[in-house]
Amino acid sequence: MTTQINNNNDLLGYLLEQSLIAPKSWFGFPQQKLTGISLVHAIAANHADKMSPQEIVQYVNDLNNEIYNGIIKKG
């Protein structure tokens with residue numbers, strides 16, 4: 001089964017579904033990648049005049065790591 005993600009609501013629904021199906025592994029690398037791609041586009045749309053593409057990607061990588069270590073791993 002393939003999940004099609006067209007917007008942030010679809011992404012949130014997908015992550016919620018994954019958390020119910022596999023509670024211990026619901027936010028692994030593939031999920032981090034998906035949220036990272038979505039977040040990169042959102043930040044670029046709002047901050048392209050202030051941040052380079054490299055800065056945006058680095059920020060999202062750092063943020064995903066903080067989310068994983070500070071929220072997911074602790075939970």
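Reading the values: rules and limits
Residues numbered from 1 in each chain as written. Predicted model: local features only at pLDDT ≥ 70, side-chain atom pairs only at ≥ 80, totals over all residues. Heavy atoms only, no water. Salt bridge = Lys/Arg side-chain N within 4 Å of Asp/Glu carboxyl O. Buried < 20%, exposed > 50% of the residue type's maximum accessible area, 1.4 Å probe, protein only. Helix = DSSP H or I, 4+ residues; strand = E, 2+ residues; numbered from the N terminus. Contact = heavy atoms within 4.5 Å. Polar contact = N/O pair within 3.5 Å; in protein donor to acceptor, adjacent residues only side chain to side chain. Expected span 1.5 Å × (residues − 1). Arc of directions from axis to C-beta. Axes fitted to C-alpha atoms, helices over the stretch in contact; angles between N-to-C directions. Parallel < 35°, antiparallel > 145°, perpendicular 65-115°, else oblique. Left-handed = near helix turned anticlockwise from the far one by under 90°.

Trainee: An account of the pattern of salt bridges is requested, with residue identities and associated values reported.
Mentor: Throughout the structure, instances matching the rule amount to one salt bridge. One salt bridge in this structure joins Lys-50 and Asp-49, with 3.2 Å as the shortest N-O distance. The residues Lys-50 and Asp-49 share a single accessibility class, namely exposed.

Trainee: Give me the lowdown on the side chain of Thr-35, citing residues and values where you can.
Mentor: When you line up the elements, Thr-35 lands in helix 2 (residues 29-47). The exposure class assigned to Thr-35 is buried, which follows from its relative accessible area of 13%. When residues no more than four places from it in sequence are discounted, the contact partners of Thr-35 are Leu-11, Leu-15, Phe-27 and Asn-64.

Trainee: Please set out the environment of Thr-35 residue by residue, giving values where relevant.
Mentor: As for Thr-35 and Leu-11, which are separated by 24 residues in sequence, their C-alpha atoms are 7.5 Å apart. At a separation of 3.0 Å, a polar atom in the side chain of Thr-35 contacts the main-chain carbonyl oxygen of Gln-32.

Trainee: Which residues make up helix 3 (residues 53-72), and what values go with them?
Mentor: Across its 20 residues, helix 3 extends 27 Å between first and last C-alpha, which sits within 8% of the 28 Å expected from 1.5 Å per residue. Along helix 3, the positions that sit buried rather than exposed are Ile-56, Val-60 and Asn-64. With its buried residues spanning 75° around the axis, helix 3 presents them on a single face. Facing away from the buried side of helix 3, by more than 90 degrees, are the exposed residues Gln-54 and Glu-66. Tucked into the core, helix 3 has its buried residues touching helix 2.

Trainee: Requested: an account of the packing of helix 1 (residues 8-21) against helix 2, with residues and values cited.
Mentor: In contact at an axis separation of 11 Å, helix 1 and helix 2 are set at 165° when each is read in the N-to-C sense. One way to sum up the angle between helix 1 and helix 2 is to call them roughly antiparallel. Seen along the crossing, helix 1 lies across helix 2 with a hand that is left-handed. Touching Asn-8, Leu-11, Tyr-14, Leu-15 and Gln-18 of helix 1 are Gln-31, Leu-34, Thr-35 and Ser-38, all from helix 2.

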